[in-house]
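Remarks on the overall topology
Residues per chain are reported as follows:
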Amino acid sequence: MSAVHKSYLVGLIGDGITQSLTPPMHEAEAAAQGLPYIYRPVDLTVLGRPGEDVGELLRAGRDLGFNAFNITHPCKQTVLQHLDHVSERAQALQAVNTVLIRDGKFVGHNTDQTGFSAALAAELPEVPKGRVVQLGTGGAGSAVAYALLDSAVEHLSLLDLDQERAQERAAALSRYFPDAVIEAVGQEDLASHVAQANGVVNCTPIGMHHHPGAPINLGLVTAQHWVADVIYLPVDTPLIRHARSLGRPVLDGGAMAVGQAVDAFRLITGREADRQRMRHHFLSLLAAQQGGR
């Protein structure tokens, strides 16, 4: 008798993610490896559900036989209270983007930090990292801030509409990176901090199809800055387009999207994904999606 062939049922919980490229990326990689794998978006906007319902959705998914969920905006931090176990990295970041369901228990991980680290090292290996301004300190922002500091950023200025959250994140990161200067800054101080910065990083949802616009007055971003954005729908956000128009180095959200997907696939299946194959598939999906508009 042949061995039982394990199949996977995976979901993505988040706001406005019906067109996310993460599900087809996972499914294509699984197909290339001969794994039966179904990945479905669970879009809070479509369901008319708030982010606070993430725990209820996880429990429903467990009861329906899901193996895992990826978690995105706005649930990466609120999901923590619903988990039975959290990895050391996710605990440090206080953000989870991958939840494994094991023996009925929820186990949280974070692959955003490793995904951004890999993208930064590959795409912007030589940009100056003395001073960086980061916009947004939510779930993705927490992971990106850690990755930036881990890549030797010396001075990190954090801006968030929720200034208390930015202050808490700065204090938490300072425990891990005592030699760096990490500070929360208010909107009134943003211009002066950007003027002194080498890089500007967007970790807010502003720039997504569902949240159009720019997270910062683009006039503040000049020819002295490199720019990174975690958004990939669209991949050419107003911030990225502006920096490119100045001839500056940019890191778009696609590189991070592939990096976090590679690590999530490993956690879910126990098998290594082919990073180049996933990147190629991501780019082809993106081109097809843009061509369909």
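Let me begin by describing the structure that accompanies this report. Bear in mind that the values here come from a model prediction, so they are computed numbers and not experimental data.

1. With respect to the sheet that holds strand 4 (residues 85–86)
- With mixed pairing, the 6 strands of this open sheet are ordered in space as 2-1-3-5-6-4. Two strands lie at the open edges of the sheet, namely strand 2 (37–43) and strand 4, each paired on one side alone.
- Judged from the 3 bridges that link them, strand 3 (residues 68–71) and strand 5 (residues 98–102) form a sheet pairing that is antiparallel. Each residue of the ladder has a partner; that of Asn-70, found in strand 5, is Thr-98.
- Those strands touched by helix 1 (residues 22–32) are strand 1 (8–14), strand 2 and strand 3, and its axis lies near 175° from that of strand 2.

2. As for helix 1
- Restricting attention to buried positions, one finds in helix 1 the residues Thr-22, Pro-23, Met-25, His-26, Glu-29 and Ala-30. Seen end-on, helix 1 carries its buried residues on one side only, within an arc spanning 165°.
- In this structure, the buried residues of helix 1 make contact with strand 1, strand 2, strand 3, helix 10 (253–269) and helix 11 (275–291).
- Gly-34 occupies a position one or two residues after helix 1 and carries a positive phi of about 75°.

3. Overview of the pattern of salt bridges
- In total, this model carries 11 salt bridges according to the counting rule given.
- As a salt-bridge pair, Glu-27 and Arg-40 come within 3.2 Å of each other at their nearest N and O atoms. Of the two residues, Glu-27 sits in helix 1 while Arg-40 sits in strand 2, which places them 13 residues apart along the sequence.
- We note a salt bridge from Glu-56 to Arg-49, for which the minimum N-O separation is 3.0 Å.
- Residue classification places Glu-56 among the partly exposed positions, given a relative accessible area of 45%.
- What you see here is one network of salt bridges that share partners, running through Arg-49, Asp-53 and Glu-56.

Each value, and the rule that gives it
- Residues numbered from 1 in each chain as written.
- Predicted model: local features only at pLDDT ≥ 70, side-chain atom pairs only at ≥ 80, totals over all residues.
- Heavy atoms only, no water.
- Pairing = 2+ DSSP bridges.
- Helix = DSSP H or I, 4+ residues; strand = E, 2+ residues; numbered from the N terminus.
- Contact = heavy atoms within 4.5 Å.
- Axes fitted to C-alpha atoms, helices over the stretch in contact; angles between N-to-C directions.
- Buried < 20%, exposed > 50% of the residue type's maximum accessible area, 1.4 Å probe, protein only.
- Arc of directions from axis to C-beta.
- Salt bridge = Lys/Arg side-chain N within 4 Å of Asp/Glu carboxyl O.

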